[in-house]
Each structure stands twice: as C-alpha cells, then as structure tokens.
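# Topology and contacts: notes
Okay, here's what each chain looks like letter by letter:
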Amino acid sequence: MPLYSDKVMDHFRNPRNVGKLDDADGIGEVGNARCGDIMKIYIKVENDIIVDVKFNTFGCGSAIASSSMATEMIKGKPISEALELTNKAVAEALDGLPAHKLHCSVLAEEAIRAAIKNYYDTHGISYDPALFPEPHDEEE
Ligand code: FES
C-alpha cells in the first residue's frame, strides 16, 4: 500500500485555498517545535459563518494537504462547526495519514482554532476560554 492516499497527494499537489486574505477577520499561526513547520490560516467571517478562508503553510506535504482539506471543511460553515473540527476528522477526510504524520493534521486543527480565537479577541466577542486550550506538542 502506498504511504500516502490519493487524496493526500491530490491536496498536496493542488492545494485549495492557498494564499492570504488582506481583509481577514481572524488570523491563526501555529508551529510544531519538533519539525519546525508553520501554518497560518486566515478567516473572513460574516454573521458567524466562515465565508472565506486561506492558508499559508511552510511545512511538509502532509501539513499542506491537511491545511488544504481543513480549509475546505470549514469554508461556508458556522464558527461553531469549525471549532468542532478535529485533526482526526481532517486525517480521515484525507483517507488517512501515516502515524508519524498525524501531528501535521494537528497543526490544521490548531491553526483554525487560533484564527477563531483571534477573531473573537479582535472583535470584542466574549467566549469560554475552555474552548481554546493551549496548543499541545503532539507526540510522534
Ligand atoms: Fe511537521 Fe508535517 S512534518 S507538520
């Protein structure tokens, strides 16, 4: 069996939603200290819906594929749904990632959360801090 699914290869080779939003309402940047990869996600929000999302990822192919898939999964969705997106769901949507690459999908989950937190903070919207636990450094 190949190490990477067709979906991973597709989203790596033709990533969706790459770039930046100049008028973003929220920006989330996270990194993984071990591999040094960095992911930045921009969201545009209207009436609690993520109407647009873009990403810039300086990292491995799995991180790029995870960012691409994760942005597709939250685009047009309410913030409440985006907050429920787990790295597991992203990895499953990609038809799986090798075990040692699961942390790459964690970056996508964390970057989305960070962007939503930034949106709340910069727009004076109150929220339950428990929604945003400190990012964890995923074990390999
Ligand atoms: Fe670090 Fe993939 S190896 S995000």
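Residues numbered from 1 in each chain as written. Predicted model: local features only at pLDDT ≥ 70, side-chain atom pairs only at ≥ 80, totals over all residues. Heavy atoms only, no water.

Glancing now at the packing of helix H2 (residues 61-74) against helix H5 (residues 102-122). How two helices sit against one another is set out by the angle between their axes and by the gap between those axes. Put simply, H2 and H5 touch, their axes get as near as 8 Å, and they point 40 degrees apart. The angle between the axes of H2 and H5 places the two elements in the oblique class. As H2 packs across H5, the resulting crossing turns out to be right-handed. Facing Ser62, Ala63, Ser66, Ser67, Ala70 and Ile74 of H2, the residues of H5 in contact are Cys104, Ser105, Ala108 and Ile112. Of the residues in the contact of H2 with H5, the class split is 6 nonpolar, 4 polar and no charged. (Axes fitted to C-alpha atoms, helices over the stretch in contact; angles between N-to-C directions. Helix = DSSP H or I, 4+ residues; strand = E, 2+ residues; numbered from the N terminus. Parallel < 35°, antiparallel > 145°, perpendicular 65-115°, else oblique. Left-handed = near helix turned anticlockwise from the far one by under 90°. Contact = heavy atoms within 4.5 Å. Nonpolar A, V, L, I, M, F, W, Y, C, P; charged D, E, K, R; others polar.)

The next thing to look at is the environment of glycine 61. On the secondary structure map, glycine 61 appears in helix H2. Glycine 61 gets classed as partly exposed once you look at its relative accessible area, which sits at 25%. Separated by 16 residues in the primary sequence, glycine 61 and lysine 77 place their C-alpha atoms 25 Å from one another. (Buried < 20%, exposed > 50% of the residue type's maximum accessible area, 1.4 Å probe, protein only.)

Next up on the list: the packing of helix H1 (residues 6-13) against H2. Running from amino to carboxyl end, H1 crosses H2 at an angle of 90 degrees, the nearest separation of the two axes being 8 Å. By the criterion of interaxial angle, the relationship of H1 to H2 is roughly perpendicular. Packed against H1, whose contacting residues are Lys7, Val8, His11 and Phe12, the element H2 presents Gly61, Ile64, Ala65, Ser68, Met69 and Glu72 at the interface. Looking at side-chain class alone, the contact of H1 with H2 contains 5 nonpolar, 3 polar and 2 charged residues.

One finds Met39, Ile41, Ile43, Ile74, Ile79, Ile112 and Ile116 to be the most contacted residues of the largest nonpolar core, which totals 34 residues. The set of elements that each furnish at least two residues to this core consists of strand S2 (38-46), strand S3 (49-58), H2, helix H3 (79-83), helix H4 (87-93) and H5. Isoleucine 41 has contacts with Gly26, Ile27, Gly28, Val53, Lys54, Phe55, Thr71, Ala108, Ala111, Ile112 and Ala115, leaving out every residue within four places of it along the chain. (Core = buried A, V, L, I, M, F, W, Y, C linked by side-chain atoms within 4.5 Å.)

In a structure, side chains of opposite charge can pair up when their charged atoms sit close to one another. For the structure shown, the criterion picks out 10 salt bridges. Put simply, aspartate 22 and lysine 20 hold a salt bridge, and the shortest N to O gap is 3.7 Å. Neither residue differs from the other here; aspartate 22 and lysine 20 are each classed as exposed. Here lysine 40 makes a salt bridge to glutamate 29, at a shortest N to O gap of 3.7 Å. In this pair, lysine 40 is assigned in strand S2 and glutamate 29 in strand S1 (residues 26-31), connecting sequence segments 11 residues apart. Glutamate 29 gets classed as partly exposed once you look at its relative accessible area, which sits at 49%. Overlapping salt bridges bring together Asp23, Asp25 and Lys44 as one network. (Salt bridge = Lys/Arg side-chain N within 4 Å of Asp/Glu carboxyl O.)

Moving on, we come to the sheet that holds S3. Sheet architecture is open: 3 strands sit in the order S1-S2-S3, paired in antiparallel fashion. Bordering the open sheet on either side are S1 and S3, each of which pairs with just one other strand. Ignoring which end each strand starts from, the neighbouring axes of this sheet average 15 degrees apart. Bridge analysis of S1 against S2 gives 6 bridges, and the strand direction is antiparallel. Bridge pairing in S2 places glycine 26 opposite isoleucine 43. H2 rests against S2 and S3 of the sheet, and its axis sits at about 175 degrees to S3. Its contacts with the sheet put H5 on S1 and S2, and the angle it makes with S1 is roughly 145 degrees. (Pairing = 2+ DSSP bridges.)

Purely geometric stuff here, so don't read any function into it on its own.
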